[in-house]
Amino acid sequence: MKSKPFVFTTWDPALAEEEISQIMVSLNDRADFHELETSGLLSIKNYEILKEYSSTDLLRAYHCGSENRFMLIFASLELLRKNNNVQYSSDPHLPYSSTVIDADGTLTRARMYSEKNLCILGYKKLQSAYGDVLIRPETMADRIVELVEGKEILFPDHPDFNKKYLVLAKDVDLFTSAVTDEFLSAIEKLDRANIEIHNQHLLILFKSVATLGIAQALNGFLLGIS
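Note on numbering: residues in each chain are counted from 1, in written sequence order. The model is predicted, so local features are restricted to residues of pLDDT at least 70 and side-chain atom pairs to those at 80 or more, both for listing and for counting; the totals for chains, interfaces and linings are taken over all residues. The side-chain values count all of the structure's non-hydrogen atoms but skip hydrogen atoms and water molecules.

Student: In this structure, what is going on with the confidence of the model for the chain? I would like to understand it.
Tutor: Reading predicted coordinates in detail is not appropriate for stretches of low pLDDT. Confidence scores here are pLDDT values: one per residue, from the predictor, ranging 0 to 100. Overall, the predicted model of the chain reaches an average pLDDT of 80, with 74% of residues at or above 70. Numbering goes from the N terminus for both helices and strands, where a helix is a DSSP run of H or I of at least four residues and a strand is a run of E of at least two. Ranking the elements of the chain by mean pLDDT puts strand β5 (residues 100-102) last with 47 and strand β11 (residues 201-206) first with 96. The contact criterion used throughout is that any non-hydrogen atoms of two residues lie within 4.5 Å. Low pLDDT, under 50, characterises residues 87-103; the predicted model gives this stretch 40 contacts beyond four residues in sequence or across chains. The low-confidence segment residues 144-150 (pLDDT under 50) makes five contacts with residues lying over four places distant or belonging to another chain.

Spelled out as structure tokens, the structure:
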């Protein structure tokens, strides 16, 4: 009989709340933010850029009261990862033949662990409809596929954008006719952003732990696009 995976996490809600408060205090020195209820934002969980996470909990949301309105949303994003720091014992005297022994010799069943982090999402309703679009950092695997199949949306006037990002659009003609140089240049300045657009609704995520620097980058990007 095999032992079932045991999942654990080091997530601390109190520390997350403290971090959110510190970031928003700093941001409010530059812009006028107001807190919103997250209950009306649950449809965001259906976005493709969040599908890799085993759970997404929307913690707090803030609306920028400027003319170029947008939202910053703080969320806990959970990934399940394999515990690589273990060995599997074949000792018949142990409860299960697949019992896991940690590197320090402690008996455990922990085969998977939960990595839950505080992240920041940015949302904005755009003036133009772009169709269904995914913009994400380009990987080596993407480049190999492009060499074989030759399929990629390229922008001749934005070589740096072409190097950094892969664009997937259901309606290529709609996207290329709607997108502006200013929009592409704004994304160009970002490092490893994940952007998903459904018509006029844009969601952006940096897949890293929330920091003031990330919040400032999102603030600047969302203020700069229309």
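Student: It is not clear to me how the pairing of strand β10 (residues 193-198) should be interpreted in this structure. Could you clarify?
Tutor: Each regular strand shows side chains that alternate between the opposite faces of the sheet. Buried means the residue's accessible area, taken with a 1.4 Å probe over protein chains only, is under 20% of the maximum for its type, while exposed means over 50%, and partly exposed covers the values in between. In terms of burial, β10 is a largely internal element, five of the six residues being buried. We treat two strands as partners when DSSP finds at least two bridges between them. As judged from the four bridges shared by strand β8 (residues 132-137) and β10, these two strands associate in the antiparallel manner. Across the sheet, the residue bridging to Asp-132 is His-198, located in β10. Bridging between β10 and β11 involves six bridges; their strand directions are antiparallel. In the sheet register, Ile-195 faces β11, and the bridge partner there is Ile-204.

Student: Got a minute to help me understand the packing of aromatic side chains in this structure?
Tutor: The relative placement of two aromatic rings is captured by the distance of their centres and the angle of their planes. Ring geometry is summarised as follows: Phe, Tyr and Trp rings, the Trp one being its six-membered ring, pair when their centres sit within 6.5 Å, and such pairs are stacked at plane angles under 30 degrees, edge-to-face over 60 and tilted between the two. For the structure on display, the rule yields seven aromatic pairs. Here Phe-33 and Phe-70 contribute two aromatic rings whose centre-to-centre distance is 6.0 Å and whose plane-to-plane angle is 80°, an arrangement assigned as edge-to-face. Of this pair, Phe-33 sits in strand β1 (residues 33-36) while Phe-70 sits in the loop between β2 (55-64) and β3 (71-82); the two residues are 37 residues apart in sequence, bridging distant segments of the chain. On the accessibility criterion, Phe-33 (7% relative accessible area) is buried. Look at Phe-155 and Phe-161: their rings are 5.6 Å apart centre to centre, the planes differ by 85°, and that puts the pair in the edge-to-face class. Of the residues examined, Phe-161 reaches a relative accessible area of 0% and is grouped as buried.

Student: Is there a simple way to think about helix α6 (residues 212-224) in this case?
Tutor: Helical geometry note: an α-helix holds 3.6 residues per turn, so side chains three or four residues apart project in the same direction. By this rule the span expected of a helix is its residue count minus one, scaled by 1.5 Å. An ideal rise of 1.5 Å per residue puts 18 Å on 13 residues; α6 measures up with 18 Å between its terminal C-alpha atoms. Restricting attention to buried positions, one finds in α6 the residues Ile-214, Ala-215, Leu-218, Asn-219, Phe-221 and Leu-222.

Student: How do you make sense of the pattern of salt bridges when you look at a structure like this?
Tutor: As a working rule, side chains carrying opposite charge can pair if their charged atoms are close by. When a carboxyl oxygen of Asp or Glu lies within 4 Å of a side-chain nitrogen of Lys or Arg, that pair is called a salt bridge. Counted by the stated rule, this structure contains six salt bridges. In this structure, the salt-bridge partner of Lys-51 is Glu-48, at a minimum N-O distance of 3.8 Å. According to the relative accessible area criterion, Glu-48 is partly exposed, its value standing at 46%. Linked through salt bridges whose partners overlap, the residues forming this network are Glu-17, Glu-35 and Arg-60.

Student: What should I look at first to understand the nonpolar core in this one?
Tutor: Side chains of a nonpolar character, in soluble globular proteins, are inclined to be buried together. Core analysis: the largest hydrophobic core is formed by 45 residues, its most contacted members being Ile-135, Leu-202, Ile-204 and Phe-221. Residues within four places of Phe-221 in sequence aside, it is in contact with Ala-186, Ile-187, Leu-190, Ile-195, Leu-202 and Ile-204. By nonpolar core is meant a set of buried Ala, Val, Leu, Ile, Met, Phe, Trp, Tyr and Cys residues that side-chain atoms within 4.5 Å join together. Tyr-47, Leu-58, Ile-73 and Tyr-123 belong to the second-largest nonpolar core, a separate cluster that totals 19 residues.

Student: Where do I start with unusual backbone geometry in this structure?
Tutor: Phi is mostly negative for residues that are not glycine, and the peptide bonds are mostly trans. In this model, Arg-192 sits at a positive phi of 60°, which is unusual for a non-glycine residue. Taking the relative accessible area as the measure of exposure, Arg-192 reaches 57% and is therefore exposed. Phi is positive for Asn-199, which is not a glycine, with a value near 60°. If you trace the backbone, Asn-199 turns up in the loop between β10 and β11.

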